[in-house]
Protein chains: 12
Amino acid sequence: MKKILVLNGPNLNRLGKREPEIYGRNTLEDIQTMLDQVSTSMGVKLEHFQSNHEGQLIDRIYEAADSGIKGVIFNPGAYTHTSVALRDAIAGSGMSFIEVHLSNIYKRESFRHHSYTAGVSIGVISGLGIQGYMAALHYLAMYS
Amino acid sequence: MKKILVLNGPNLNRLGKREPEIYGRNTLEDIQTMLDQVSTSMGVKLEHFQSNHEGQLIDRIYEAADSGIKGVIFNPGAYTHTSVALRDAIAGSGMSFIEVHLSNIYKRESFRHHSYTAGVSIGVISGLGIQGYMAALHYLAMYS
Amino acid sequence: MKKILVLNGPNLNRLGKREPEIYGRNTLEDIQTMLDQVSTSMGVKLEHFQSNHEGQLIDRIYEAADSGIKGVIFNPGAYTHTSVALRDAIAGSGMSFIEVHLSNIYKRESFRHHSYTAGVSIGVISGLGIQGYMAALHYLAMYS
Amino acid sequence: MKKILVLNGPNLNRLGKREPEIYGRNTLEDIQTMLDQVSTSMGVKLEHFQSNHEGQLIDRIYEAADSGIKGVIFNPGAYTHTSVALRDAIAGSGMSFIEVHLSNIYKRESFRHHSYTAGVSIGVISGLGIQGYMAALHYLAMYS
Amino acid sequence: MKKILVLNGPNLNRLGKREPEIYGRNTLEDIQTMLDQVSTSMGVKLEHFQSNHEGQLIDRIYEAADSGIKGVIFNPGAYTHTSVALRDAIAGSGMSFIEVHLSNIYKRESFRHHSYTAGVSIGVISGLGIQGYMAALHYLAMYS
Amino acid sequence: MKKILVLNGPNLNRLGKREPEIYGRNTLEDIQTMLDQVSTSMGVKLEHFQSNHEGQLIDRIYEAADSGIKGVIFNPGAYTHTSVALRDAIAGSGMSFIEVHLSNIYKRESFRHHSYTAGVSIGVISGLGIQGYMAALHYLAMYS
Amino acid sequence: MKKILVLNGPNLNRLGKREPEIYGRNTLEDIQTMLDQVSTSMGVKLEHFQSNHEGQLIDRIYEAADSGIKGVIFNPGAYTHTSVALRDAIAGSGMSFIEVHLSNIYKRESFRHHSYTAGVSIGVISGLGIQGYMAALHYLAMYS
Amino acid sequence: MKKILVLNGPNLNRLGKREPEIYGRNTLEDIQTMLDQVSTSMGVKLEHFQSNHEGQLIDRIYEAADSGIKGVIFNPGAYTHTSVALRDAIAGSGMSFIEVHLSNIYKRESFRHHSYTAGVSIGVISGLGIQGYMAALHYLAMYS
Amino acid sequence: MKKILVLNGPNLNRLGKREPEIYGRNTLEDIQTMLDQVSTSMGVKLEHFQSNHEGQLIDRIYEAADSGIKGVIFNPGAYTHTSVALRDAIAGSGMSFIEVHLSNIYKRESFRHHSYTAGVSIGVISGLGIQGYMAALHYLAMYS
Amino acid sequence: MKKILVLNGPNLNRLGKREPEIYGRNTLEDIQTMLDQVSTSMGVKLEHFQSNHEGQLIDRIYEAADSGIKGVIFNPGAYTHTSVALRDAIAGSGMSFIEVHLSNIYKRESFRHHSYTAGVSIGVISGLGIQGYMAALHYLAMYS
Amino acid sequence: MKKILVLNGPNLNRLGKREPEIYGRNTLEDIQTMLDQVSTSMGVKLEHFQSNHEGQLIDRIYEAADSGIKGVIFNPGAYTHTSVALRDAIAGSGMSFIEVHLSNIYKRESFRHHSYTAGVSIGVISGLGIQGYMAALHYLAMYS
Amino acid sequence: MKKILVLNGPNLNRLGKREPEIYGRNTLEDIQTMLDQVSTSMGVKLEHFQSNHEGQLIDRIYEAADSGIKGVIFNPGAYTHTSVALRDAIAGSGMSFIEVHLSNIYKRESFRHHSYTAGVSIGVISGLGIQGYMAALHYLAMYS
């Protein structure tokens, strides 16, 4: 059965509590549950991982690659804008990444318009809330 | 029956002929046909418009707003990066826009990383090919 | 009888409907009517033209020049910030231009602080609403 | 009787003597006399003040606010481009300012295109010579 | 018989009338006549098109490509510096372009030193007046 | 009893050993002891945490928020200048932060003049050595 | 008895009247009274001076240095961001300066993030309101 | 008898006391005395003025112009780098200025490399200490 | 026996698997074995550490300093370009660092040309593959 | 008989050997021979000079001017982008220059888009290979 | 016998005399002697050349290429930062270059951080003094 | 007898012929003759050297240093703005340099406002024509 990793970066463990006017009221667990329900019907098995640590995210990426995972839905949070190390891990992992942001990064501070990680991903979905994760799942279920 | 406008900007009439290594081999007609098929099953009616003229795109946006359309799937092509006038039209139309790009704009020249139109849209989908239009359609069918 | 062209650029056909907190509640027709009333008392005849098309604005500038018009009140809207072609048309037309903006462009996004067209105009009036058009009309009635 | 302050910044005491090809041949006294004549017919009383000292201009702004003046026609001269302190005084005074420049600042050195003071004023008139002061007077007589 | 398109962008319809100290005294018709005379002797047939509309220029490029034209002499005028859409059309057309400017763009405002279109053309000729068109014609007659 | 978190970022575990000409000769333990003594007399209880790991600092911020702490004295060290993730954690925690730097960041390399974290804190104290922590403690004891 | 100068720059004479949502409701006299009360208990005598004139602030700095004052609490207001002359006066005076801002300058316009004066001061306190002056007083009472 | 104004800007009243490792140990009075001695032998009469106030320097420039002075030796101090108003006064005065700096501004902070005033002066002498004033005097005695 | 730390940053645990066209086919273990062989013959003992975690690298640096190590061969990987915290740790450790990059950073993306860590190291070797580590070892064996 | 100098700058002595995929397979001698053949038929005599030394190129320009040459075809190679001294020599020589580049400089690294020398030349031809020299020769034969 | 060129650029003929606190006390002759001794034991023959002339360095590079040399140890000195012509010569020569700097260029003025020549070399060694030449020699002896 | 070198850089051999509206009508020989006459009366012997070659100027600087010359009057011409190598030669020579420019570099193109060489010279004189050389001579005769 095909496996996809859903990887969430810093501060996403606070979803639903933190600034709901920007990020909505669903918790990360809510999102994970919804994705699991949909993925089952697609014959895909999801693994979930969240960390506030840049290094743990890198470690998890390589662990996934070694376990045969081919596709990753990745919300790098704030590391999108600052982490060359995650960019290198994505490029070096051999897996297909889709970058997802809950909010529209073009509506926020200008330092959030730049992404180190997007340039080594298949594509980016920004501003569609949970539907962004859903769309990424559909894509990877078909093409990764 | 809910109506959604699918708006395509400059050079997209050449899809399938122009630089297929970047944009894929489907023509714009192929994309429109696929979207029509999916939209019917959702109870949504699509209108299609493509133009290479910035002014015609603005005119069409206001015409759609006046005809009661609430949601627009918009691939502004190169005008993404240069048109403040389209940004103003989106902001002034009162409709919900989702910006779609076939290719991942973060993998291309740096002048394509900036978007005037994204900051007044709900969100952006970039790099997922036709699936990007599909995901935008799903979103607007539900929320617009 | 002296003739002056009142030229309005993209999105100004939506005045009164679009973002009234920025642009006010008068429609473009309201403005044109008010200007016509005042101009008559000055012995000046106004011509009005609005377009969302950069090319049509250029064409209209040359048409005015050929028909003997000497002065133009021009609100280039968003093309103020992006159109070198309109700058060239103004410079090449031999007519006197006054640039008018309804809102104060220095209170808005920084990409609106720059003007390609102002440097080839006599002057700029920004932020005075309809009174900006009136002041431009007074000036051109006297000096153009 | 409504009172409006006409405030002129550095070097404007030299009008008519200094670089007439840029600023014209009228002296500041000529401008003040013309404005007084027009204002009387509007039932408005003008106060005039010119200084080359940034601090005196700030002091005068607060003195005007304390004496009940509601509107100010302000040509900040070179301080337009360098004075954050004047910007703060305008914002803190509670009065309505219109910024006036005799010459078109967009036709001059690029360091004159930026204005600290415009962003806290109602609007800006640039390049219309004495008519710029007149237009500002008309506006403030009606709306301040 | 080989066909070459001579494409002229915004404001070039005013050649000879507009700022002759920069662009010379020949009209666009003069240039077209001279080019026609030379091309005949080379066994080449020219098509001519001028427009102030960015969208019409894009449309014309694709029309030429579809009609079997292989080479284009293109003076994009002000769109050189602002149009990503024309850049995309050139790149997507499959034809060979030579960019021509009547005046030397390096002697003018710094915003004219940048060219979006040059990077997807074979080469650029700037500052040689009508001789620039002639040289482009010679090149395309031989190599396109 | 009111609780305040004293949070120290990377390299501050080396205080007193590392570059004393910049940071002084007190160790982090010395600072913690002094703060504890003062806080007791204010009826405030301090918690102390130092880490060189960006992720651990984020985790600790959320842990503090969940345990009912309302105020944080934070010396983010070098992460001041590079961490958008810490900025997001501060903004999302709902607690009041005061940013403290032992040395005056305006006297050092220019890349230390920028702070991602200051814009979401109440205020910043820089250059006052241990007294900076004391002042922050006084403020939070009164207002948080 | 040790003497400290409390120096306030442009617009601070309007405290309490001007934009209280940014600067609070205390007047400058309130602040001076509070500081005097605290300083007496420390055996320190304060001198107070406020001016909107850059030159008067420079003159007062040198007068203080000549009268034997060793420490200065300085809120340079808007001159923080524009005055190299005040920077030179601070550096040349031989006295110890602490720079104080009532509001957090990192939360305001980006042109307020830069400080010419901070680099020649001991330290900076920003965003703590009146407590910022208090903290500066404590520091200078001990160390200057 | 020919008259030349020796104009010194902010902080130069502290020469000899302030940072002698940069500016040397001569006081401003020493410099003035030396210049007076030399000028007498040249048949030139010097007037001296120093101020820390930008506005007073502008006023003094116009006063000199009105009294028939033709040449000015000007050390604008820190206003060199920030004052557009002094630039305008120099340009508007009709007198010949030579800009003098005691220290070599290219050896100091980069914000001191720029000069607003130099571009409207005859020339600049920087780094030669008092000899810079001497050289300026020789030049103006001969050519102004 | 002299000890040297060989410190490798993020993603270097993937050497040989990850993008071999850039980094070569040797694994990190291969490199460590080769270095150990050479170091033995020099009477030097190597310690090896690799981590993807910025914080662990900082911790390890201080641990090495405390255990008496004097020299470090450091390949900071992507943290070269983003980590001020590592820069501070190097500067504060009192040890001698040589920075090594397997690939030539000047041949890659421009954001890799900048190094925060190089300015506090003895020197940098870039582009020589494993030989870069060897050269660093020779240097530190002799001079650290 | 009219004389024209063909001047080639650094590295052009390696044409045909060096990077033929960029510069083509013709040697400089081939180009010179072809130009000589064409020039003879035009009644023009060519002189040829190539040097890798900036100073020798400057010397040769003045020698040509002194010998009565009126026109120069100049390929400055890499000095195009770095030599202000050659710019001054061109401007000071009184001769007419046409700048030629074999490759299209807009297709190469961005530091090659800037030209110091183009702004003082009649025009620039870039990307047309040897035909660029031919076109320059035709132009100078007619107009210099 | 394999031959390697040791090429030293401007000012390196003054080594040992010039700024020994930056560059050390060895003369260029000392370095050349040490390199010769080591190279002999490797079966490599060195050629040495130093020049202050950019053009002579270019000439020498091509002369070496023509004589069959395959590897070059190059310290371009100040030309590292300014010479596009040397970059082109390296790229066009077909030889393998290693760039060496005696001092660590990242510890010096920021204009020394950029290198035109590094991007066309195999690698760069900076800050290791003479050992940098040695390491380059070892590398080229093995791989060029 | 004290010796001073008068060093002139590129294009200064053309003085009097080249652009006299900028540089005046005196030839370099005229300047040298005038300087020789004045220097004799000061008991100073001048040596003169001009070259268009950057490398020859560097060589000459070291030759002067070796022959015991202590002071140099240097007009680096265009190399002022581009030559790091000359900067290094000045810094490494141990001699005292005064930089002289005939025209005021702040009145010309902005790329001429920057000087690499000024930061390692005693001072700069710009815009005083031949008098600039005279003033430099007086200074060096007294102080070098």
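The structure this text deals with has already been given above.
Nothing here was measured: the structure is a model prediction, and the numbers come from that model. (Residues numbered from 1 in each chain as written. Chains lettered and ligands numbered in written order. Predicted model: local features only at pLDDT ≥ 70, side-chain atom pairs only at ≥ 80, totals over all residues. Heavy atoms only, no water.)

### Re the packing of helix H3 (residues 54-66) of chain F against helix H5 (residues 84-93) of chain F
Between two packed helices, what matters for the description is the angle formed by their axes and the separation of those axes. Residues and elements named next belong to chain F. Keep this limit in mind: Interaxial angle, 0 to 180 degrees, is taken between N-to-C directions of lines fitted to C-alpha atoms, where a helix line uses only the stretch in contact. Put simply, DSSP H or I for four residues or longer makes a helix, DSSP E for two residues or longer makes a strand, and each gets a number counted from the N terminus. By definition in this entry, angles of less than 35 degrees are roughly parallel, angles greater than 145 are roughly antiparallel, angles of 65 to 115 are roughly perpendicular, and the rest are oblique. Contacts are residue-level and defined by heavy atoms, with any inter-residue pair within 4.5 Å sufficient. Amino acid classes used here: Ala, Val, Leu, Ile, Met, Phe, Trp, Tyr, Cys and Pro are nonpolar; Asp, Glu, Lys and Arg are charged; the rest, including Gly, are polar.
Contact geometry of H3 with H5 gives a least axis separation of 10 Å together with a crossing angle of 0°. Comparing their axes, H5 and H3 come out roughly parallel. Here H3 contributes Glu54, Leu57, Ile58, Ile61, Tyr62 and Ala65 to the contact with H5, which in turn contributes Ala85, Leu86, Asp88, Ala89, Ile90, Gly92 and Ser93. Considering only residue class, the contact of H3 with H5 consists of nine nonpolar, two polar and two charged.

### So, the packing of aromatic side chains
The test is simple: What counts as a ring pair is set by centres within 6.5 Å for rings of Phe, Tyr and Trp (its six-membered ring), and what kind of pair is set by the plane angle: stacked under 30 degrees, edge-to-face over 60, tilted for all other angles. Each residue is placed in one exposure class: buried if its accessible area under a 1.4 Å probe, protein chains only, is under 20% of its type's maximum, exposed if it is over 50%, and partly exposed if it falls in between.
One pass over the full model with this rule turns up 36 aromatic pairs over all chains. Ring geometry for J:Tyr116 versus L:Phe111: centroids 5.1 Å apart, planes at 70°, classification edge-to-face. Residue J:Tyr116 is located in the loop between strand S4 (96-101) and strand S5 (123-126), and its partner L:Phe111 is located in the loop between strand S4 (96-101) and strand S5 (123-126); the two belong to separate chains. Owing to a relative accessible area of 16%, J:Tyr116 belongs among the buried residues under this scheme.

### Side note on the sheet that holds strand S3 (residues 71-75) of chain H
Test applied: Strand pairing is assigned whenever DSSP identifies at least 2 bridges connecting the two strands.
Taken in spatial order, the 10 strands make up an open sheet running S2(H)-S1(H)-S3(H)-S4(H)-S5(H)-S5(L)-S4(L)-S3(L)-S1(L)-S2(L), and their pairing is mixed. Across the chains shown, the open sheet's two edge strands, defined by having one partner strand only, are strand S2 (44-50) of chain H together with strand S2 (44-50) of chain L. Averaged over all pairs of adjacent strands, the angle between their axes in this sheet comes to 20°, without regard to strand direction. Strand direction decides the pairing type here: strand S4 (residues 96-101) of chain H and strand S5 (residues 123-126) of chain H, joined by four bridges, are parallel. Bridging from a neighbouring strand, H:Val100 pairs with H:Ile125 of S5(H).

### Considering the relation of the copies chain J and chain E
For clarity, the cut-off: The superposition of copies rests on a least-squares fit of C-alpha positions from residues with pLDDT of 70 or more in both.
Aligned on chain E, chain J shows an RMSD of 0.0 Å; the corresponding rotation is 180° and the shift along the axis is 0.1 Å. A rotation of that kind, with that shift, is consistent with a two-fold axis. When C-alpha positions in chain J are compared against the rotation axis, the closest is assigned to J:Ile125, at 2.2 Å. A share of 100% of the interface residues of chain J reappears at the interface of chain E, consistent with the copies meeting face to face through the same patch.

### Some words on the side chain of B:Arg60
Residue and element names in this part refer to chain B. Defined as follows: In the analysis that follows, any N or O atom pair within 3.5 Å is treated as a polar contact, provided that within protein one partner can donate a hydrogen and the other can accept it, and provided that, for residues neighboring in sequence, both atoms belong to side chains.
As for its position among the elements, Arg60 is in helix H3 (residues 54-66). One polar contact links Arg60 to Glu47, side chain to side chain, over a distance of 2.7 Å. Aside from chain neighbours lying at most four places away, what touches Arg60 is Leu5, Leu7, Glu47 and Phe49.

### Section: the environment of C:Tyr62
Residues and elements named next belong to chain C. Tracing the sequence through the fold places Tyr62 in helix H3 (residues 54-66). Note on Tyr62: relative accessible area 3%, which makes it buried. Expressed as a C-alpha distance, the spacing of Tyr62 and Gly92, which sit 30 residues apart in the sequence, is 8.7 Å.

### Digging into the pattern of salt bridges
Our working rule: Whenever Lys or Arg places a side-chain nitrogen within 4 Å of a carboxyl oxygen from Asp or Glu, that contact is recorded as a salt bridge.
Per the stated rule, a full pass over the model turns up 84 salt bridges over all chains. With its nearest N and O atoms 3.1 Å apart, the salt bridge here joins I:Arg14 to A:Asp66. Of this pair, I:Arg14 sits in the loop between strand S1 (2-8) and helix H1 (20-23) while A:Asp66 sits in helix H3 (residues 54-66), placing the two residues on different chains. Here I:Arg14 falls in the buried class, since its relative accessible area comes to 7%. Among the residues examined, A:Asp66 registers a relative accessible area of 54% and is labelled exposed.

### Some remarks on the relation of the copies chain H and chain L
Turning one copy of the chain about an axis and sliding it along that axis gives the other copy, so a rotation and a shift relate them. Superposing chain H onto chain L requires a rotation of 180° together with a translation of 0.0 Å along the rotation axis, leaving an RMSD of 0.0 Å. Counting the interface residues of chain H, we find that 100% of their copies in chain L are interface residues as well, pointing to one common contact surface.

### Some details on the environment of H:Leu102
Residues and elements named next belong to chain H. Mapping Leu102 onto the fold places it in the loop between S4 and S5. On the basis of relative accessible area, Leu102 is assigned to the buried category, the value being 9%. In this structure Leu102 touches Leu12, Leu15, Tyr23, Ile31, Asn75, Gly127, Leu128, Gly129, Ile130 and Tyr133, once residues within four positions along its chain are discounted.

### Things to note about the interface of chain J and chain E
Let me state the cut-off plainly: When two parts are brought into contact, each loses some accessible area as probed by a 1.4 Å sphere; the total of that loss over both is the buried area.
Facing 23 residues of chain J, the contacting portion of chain E comprises 23 residues. When the area that chain J buries against chain E is broken down by residue, the three leading residues are J:Tyr106, J:Leu128 and J:Gln131, summing to 33%. Those elements giving two or more residues to the side of chain J that touches chain E turn out to be S5 and helix H6 (130-143) of chain J. Take the side of chain J that touches chain E: its biggest share by element is five residues, from H6(J). Tallied by class, the residues present in the side of chain J that touches chain E amount to 13 nonpolar, nine polar and one charged. Where strand S5 (residues 123-126) of chain E and S5(J) come together, three bridges link them in antiparallel fashion. Bridge assignment links E:Ile125 to a residue of S5(J), and that residue is J:Ile125.

### Observations concerning the layout of surface pockets
How we decide: The method works on a 1 Å grid over the protein atoms by themselves. A cavity is a set of points holding a 1.4 Å probe that cannot get out, a pocket is an open set with protein on both sides within 12 Å along at least five of seven lines, and residues with an atom within 4 Å of a point line them. Grid points are joined across faces, edges and corners, and a volume is the space filled by probe spheres set on the points.
The space that makes up the largest pocket amounts to roughly 420 Å³. Every residue lining the largest pocket is counted, 15 residues in all, and those nearest its centre are D:Tyr106, D:Arg108, D:Ser110, D:His113 and E:Phe111. Residue classes in the lining of the largest pocket are distributed as three nonpolar, seven polar and five charged.

### Observations regarding the arrangement of the chains
Separating chain B from chain D is a minimum C-alpha gap of 20 Å, and the two share no contact. With no contact between them, chain F and chain J keep their nearest C-alpha atoms 25 Å apart.

### As for the sheet that holds strand S4 (residues 96-101) of chain B
Read from one edge of the open sheet, 10 strands run S2(A)-S1(A)-S3(A)-S4(A)-S5(A)-S5(B)-S4(B)-S3(B)-S1(B)-S2(B), paired in mixed fashion. Of all strands in the sheet, those with a lone pairing partner are strand S2 (44-50) of chain A together with strand S2 (44-50) of chain B, marking the two edges. For this sheet, the mean angle separating the axes of adjacent strands, direction not counted, is 20°. Packing against the sheet, helix H6 (residues 130-143) of chain A makes contact with strand S1 (2-8), S2, strand S3 (71-75), strand S4 (96-101) and strand S5 (123-126) of chain A, and its axis sits at approximately 150° to S1(A). Here H3(B) sits on the sheet and contacts strand S1 (2-8), S2, strand S3 (71-75) and S4 of chain B; the angle it forms with S1(B), its principal contact strand, is near 175°.

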